[in-house]
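# Coordinate inspection notes
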Amino acid sequence: MLDEARSFALTAHGSQMYGDRPYAFHLEAVVGLLSPYGAEAQIVGYLHDVVEDTKISESEIRERFGSLIADCVSLLTDAPGANRAERKASTYARLATVSGATELALVVKTADRLANVRSCIADQRHRLWEVYRKEHPCFRQAAYRDGLCDPLWAELDALLEVSSLILPKKSTRV
């Protein structure tokens with residue numbers, strides 16, 4: 001089912017880009033972080049953005065990949081909102097209530113955020129990194145569960161705490 005999820009997600013995202021790279025770059029980064037957490041986590045990793053960013057519906061995910069995968073993807077899909085702050089507040093409120101089997105979504109969301117932050121650092125995307133840094137306390141409060149995916153959290157916390165060492169200011173020399 002992992003290969004099916006990968007193929008399904010890549011087809012659904014089509015020619016979408018992740019910055020200057022094909023969207024597959026982001027999906028593979030997320031799924032790579034999820035390998036210690038098992039096949040279901042990796043399946044959700046491939047599918048985590050398809051409902052939010054493509055024409056795929058939650059019911060299509062449910063029909064093809066089952067209830068748990070669909071429930072996790074649903075939890076990871078931002079609700080519509082007037083702006084990022086509104087969308088994220090709604091998502092974080094949902095994530096704060098997650099327990100049981102759907103905590104798998106929290107592992108995937110953490111891997112997704114870590115992949116995004118790593119990409120910001122590698123690509124020197126200062127403004128987006130700063131957005132993630134400012135959101136981090138609320139995100140952590142909603143998504144962190146002790147012992148669930150502590151290695152991911154350790155790196156994410158570290159990358160968002162050390163600003164000047166990781167993201168040097170771009171040169172403004174003329």
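About the thresholds
- Residues numbered from 1 in each chain as written.
- Predicted model: local features only at pLDDT ≥ 70, side-chain atom pairs only at ≥ 80, totals over all residues.
- Heavy atoms only, no water.
- Salt bridge = Lys/Arg side-chain N within 4 Å of Asp/Glu carboxyl O.
- Helix = DSSP H or I, 4+ residues; strand = E, 2+ residues; numbered from the N terminus.
- Buried < 20%, exposed > 50% of the residue type's maximum accessible area, 1.4 Å probe, protein only.
- Contact = heavy atoms within 4.5 Å.

Under an unreviewed UniProt entry, the protein chain has the name GTP pyrophosphokinase and belongs to Candidatus Accumulibacter phosphatis.

### Regarding the pattern of salt bridges
Within this structure, the stated rule accounts for 13 salt bridges. Of the charged contacts in the structure, one is a salt bridge between E4 and R64, with a shortest N-O distance of 2.9 Å. Here the residue E4 occupies a position in helix α1 (residues 2–13), and R64 occupies one in helix α5 (residues 58–65), the gap between them amounting to 60 residues. You can call R64 partly exposed: its relative accessible area is 43%. When the shortest N-O distance is used, the salt bridge between E155 and R118 registers 2.8 Å. Of the two residues, E155 is situated in helix α10 (residues 150–161) and R118 in helix α8 (residues 104–122); the sequence distance between them amounts to 37 residues. By relative accessible area, R118 is classed as partly exposed at 35%.

### With respect to helix α3 (residues 39–47)
For α3, a buried count of seven out of nine residues is recorded, marking the element as mostly surrounded by other parts of the structure. Residues of α3 that are buried include every one of A41, Q42, I43, V44, G45, Y46 and L47, and no others. Contacts from the buried residues of α3 go to α1, α2 (24–34), α4 (50–53), α5, α6 (67–76) and α8.

### Description of unusual backbone geometry
Positioned with a positive phi, Q124 is a non-glycine residue whose angle comes to about 55 degrees. Tracing the chain through its elements places Q124 in the loop between α8 and α9 (126–143).

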